There are 2 protein chains.
Amino acid sequence: MSDGNTDVPRHIVSAALGPGLPAKVPAGEYEDCPVTQAVQMLGDKWTLLIVMMLAERPHRYNELRRRVEGISQRMLTRTLRVLEEERIVTRTVFPTVPPGVEYGLSERGRELLVPLAGLADWVIRGRAA
Amino acid sequence: MSDGNTDVPRHIVSAALGPGLPAKVPAGEYEDCPVTQAVQMLGDKWTLLIVMMLAERPHRYNELRRRVEGISQRMLTRTLRVLEEERIVTRTVFPTVPPGVEYGLSERGRELLVPLAGLADWVIRGRAA
DNA sequence: CTGTATCCCCGAAGATACTG
DNA sequence: CAGTATCTTCGGGGATACAG
């Protein structure tokens, strides 16, 4: 691993990297684990797909809406907001009229593609059975 | 990536590795993407925690039940069954009386820890803000 | 000890209508 | 165009009882 255990408390990741989990895992502590939060964010219904589309190129709001078949306006907005809060996507407003909004991957978002590709690799290797 | 695009159809991963997604993503095709399925499996309420516990050492059924605070019998069994079907965990029955069952990570399961550690690394780097 | 079977609840996600 | 507001629906997950 790049730089040994930073101060990530007693989180899930510790089992993969270091000493381990407590004898009894309090529900709250587990839910606070940032790795848990990451996979749960990526594991919801639309997040990964949207990240991958933005990995291709930036998209306008309605462009995403048309391309992601079946997503509701509500969920598209909500998903983008979460990704924005996590600093994975950037939101750029063009002060035209009517206004245009472009979503794209941030640097942190592009870095996310690396572990994601690692996961994809694991999936592909697993297909051999 | 290790060996170029295998025959993974037009799946999500393609955006990270190669040419890209269709102009309009049919909902069904997206749900069939194995990477999507992987993150969605890991992103449910208990899976990651259980994988991490089994990464430490094998556990008996009730041992897990006690250690994973708040999990219901139903969900523990269900989670383990899915992981077993995915060949991530192994299930070993000891024909004692009463019977004992031990769960552990398979080879494929241990390989999963690598991309997971990569994800953890990304999370840790992201804390710098 | 290691489960399966039922029933129930609540929150995530969809549908629809409206707005700057 | 890019959203917000409200209502509804659906299924993931909890509780409980029972079984091999």
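The residue numbers shown here count from 1 along each chain, following its written sequence. Chain labels run from A onward and ligand labels from 1 onward, assigned in the order the entries are written. In keeping with the predicted nature of the model, local features appear solely for residues at pLDDT of at least 70, side-chain atom pairs appear and are counted solely at 80 or more, and the whole-chain, interface and lining totals rest on all residues. Water and hydrogen atoms were dropped before computing side-chain values, which therefore reflect all heavy atoms in the structure.

A. How the structure looks around the overall build of chain A. Working definition: helices are DSSP H or I runs of at least four residues, strands are E runs of at least two. Numbering for both runs from the N terminus. For chain A, the count of helices and strands is seven helices and three strands. Starting at the N terminus and walking to the C terminus, you meet the elements of chain A as α-α-α-α-β-α-α-β-β-α. Across the 129 residues in chain A, those meeting the buried criterion constitute 47%. Here, residues are in contact when the closest pair of their heavy atoms is within 4.5 Å. The long-range share in chain A, meaning contacts at least 24 apart out of those at least 6 apart in sequence, stands at 35%. All accessibility values rest on the Shrake-Rupley procedure with a 1.4 Å probe; residue burial counts only the protein chains present in the view. Looking at chain A as shown, the accessible area adds up to about 6,400 Å², and 52% of this sits on carbon and sulfur atoms. Think of it in three bands: with a 1.4 Å probe and only protein chains considered, a residue is buried below 20% of the maximum accessible area for its type, exposed above 50%, and partly exposed in between.

B. Inspection of unusual backbone geometry at higher detail. Residues and elements named next belong to chain A. The amide bond that connects Val-97 to the next residue, Pro-98, takes the cis arrangement and shows omega of 0°. Turning to its location among the elements, Pro-98 is positioned in the loop between strand S2 (89-94) and strand S3 (100-105). Although it is not a glycine, Arg-87 adopts a positive phi angle of roughly 60°. Looking at the secondary structure, you find Arg-87 in the loop between helix H6 (73-85) and S2. The exposure class of Arg-87 is partly exposed, given its relative accessible area of 37%.

C. Structural detail: the protein's contact with DNA strand D. Taken together, 20 residues are adjacent to DNA strand D, and A:Arg60, A:Gln73, A:Arg91, A:Tyr103 and B:Met75 come closest. Only heavy atoms are used to decide nearness, and a residue is near a molecule or strand if one of them lies within 4 Å of it. Of everything in DNA strand D that lies within 4 Å of the protein, sugar and phosphate atoms constitute 62%. Separating a phosphate oxygen of DNA strand D from a backbone N or O atom of A:Asn62 is a distance of 3.1 Å. We define a polar contact as two N or O atoms separated by no more than 3.5 Å, with the added condition that, inside protein, one atom must be a possible hydrogen donor and the other a possible acceptor, whereas residues neighbouring each other in sequence contribute only through side-chain atom pairs. Interatomic distance of 3.1 Å between a side-chain N/O atom of B:Lys45 and a phosphate oxygen of DNA strand D. Looking at the surface near DNA strand D, the elements with two or more residues in it are helix H5 (61-67), H6 and S3 of chain A together with helix H6 (73-85) of chain B. In terms of residue count, the dominant contributor to the surface near DNA strand D is H6(A) (four residues). Of the residues that constitute the surface near DNA strand D, the class distribution is seven nonpolar, six polar and seven charged. Only Asp, Glu, Lys and Arg are considered charged in this grouping, and only Ala, Val, Leu, Ile, Met, Phe, Trp, Tyr, Cys and Pro are considered nonpolar; every other residue, Gly among them, is considered polar.

D. Region of interest: the sheet that holds strand S3 (residues 100-105) of chain B. All names here are of chain B. Two strands are counted as paired when DSSP detects at least two bridges linking them. Spatially, three strands are ordered S1-S3-S2 in an open sheet, and the strand pairing comes out antiparallel. Every other strand in the sheet has two partners, leaving strand S1 (59-60) and strand S2 (89-94) as the edge strands with one partner each. Sheet topology places S1 next to S3; two bridges connect them, and they run antiparallel. Paired with Arg-60 across the strands is Glu-102, a residue of S3. Strands S1, S2 and S3 of the sheet are contacted by helix H4 (residues 47-56), whose axis makes an angle of about 95° with S3. Under this scheme, a helix contributes an axis fitted over its contacting stretch, all axes are lines through C-alpha atoms, and angles between N-to-C directions fall in the 0 to 180 degree range.

E. Spotlight on the pairing of S3(A). Residue and element names in this part refer to chain A. With respect to burial, S3 is a largely interior element, five of its six residues being buried. In this structure, S2 lies alongside S3, joined through six bridges in antiparallel fashion. In the strand pairing of S3, Val-93 is matched with Val-101. Hairpin geometry of S2 and S3 is characterised by an intervening segment of five residues between the two adjacent antiparallel strands.

F. Here's a closer look at the nonpolar core. By size, the foremost hydrophobic cluster in this structure holds 72 residues, and its most contacted members are A:Leu49, A:Ile50, A:Ile88, B:Ile50, B:Leu54, B:Leu80 and B:Ile88. Those residues in contact with B:Ile50, other than ones at most four positions away along the chain, are B:Val68, B:Ile71, B:Leu76, B:Thr79, B:Leu80 and B:Leu83. In plain words, nonpolar cores are sets of buried Ala, Val, Leu, Ile, Met, Phe, Trp, Tyr and Cys residues tied together by side-chain atoms within 4.5 Å.

G. Molecular detail of the packing of aromatic side chains. Stacked, edge-to-face and tilted labels apply to pairs of Phe, Tyr and Trp rings (six-membered ring for Trp) whose centres lie within 6.5 Å, assigned for plane angles under 30 degrees, over 60, and everything in between, in that order. One pass over the structure, following the stated rule, counts two aromatic pairs over all chains. Taken together, a centroid distance of 6.2 Å and an interplanar angle of 10° make the contact between A:Tyr30 and B:Trp46 stacked. Highlighted residues: A:Tyr30 in helix H2 (residues 27-32) and B:Trp46 in the loop between helix H3 (34-42) and H4, drawn from two different chains. Exposure remark for A:Tyr30: the relative accessible area of 3% places this residue in the buried category. For the cation-ring pair, A:Arg108 lies above B:Trp122, with the distance from its terminal atom to the ring centre recorded as 4.1 Å. Here, over-ring charges are defined by two tests on the NZ atom of lysine or the CZ atom of arginine: distance to the ring centre within 6 Å, and angle to the ring normal within 35 degrees.

H. Examining the pattern of salt bridges more closely. Residues and elements named next belong to chain B. Any Lys or Arg side-chain nitrogen located within 4 Å of an Asp or Glu carboxyl oxygen qualifies as a salt bridge. Taken as a whole and judged by the stated rule, the model has ten salt bridges over all chains. Close ionic contact of Arg-81 with Glu-84 constitutes a salt bridge, the shortest N to O distance being 3.7 Å. With Arg-81 and Glu-84 both in helix H6 and three residues apart, the pair spans about one turn of that helix. With relative accessibility at 33%, the residue Arg-81 sits in the partly exposed group.

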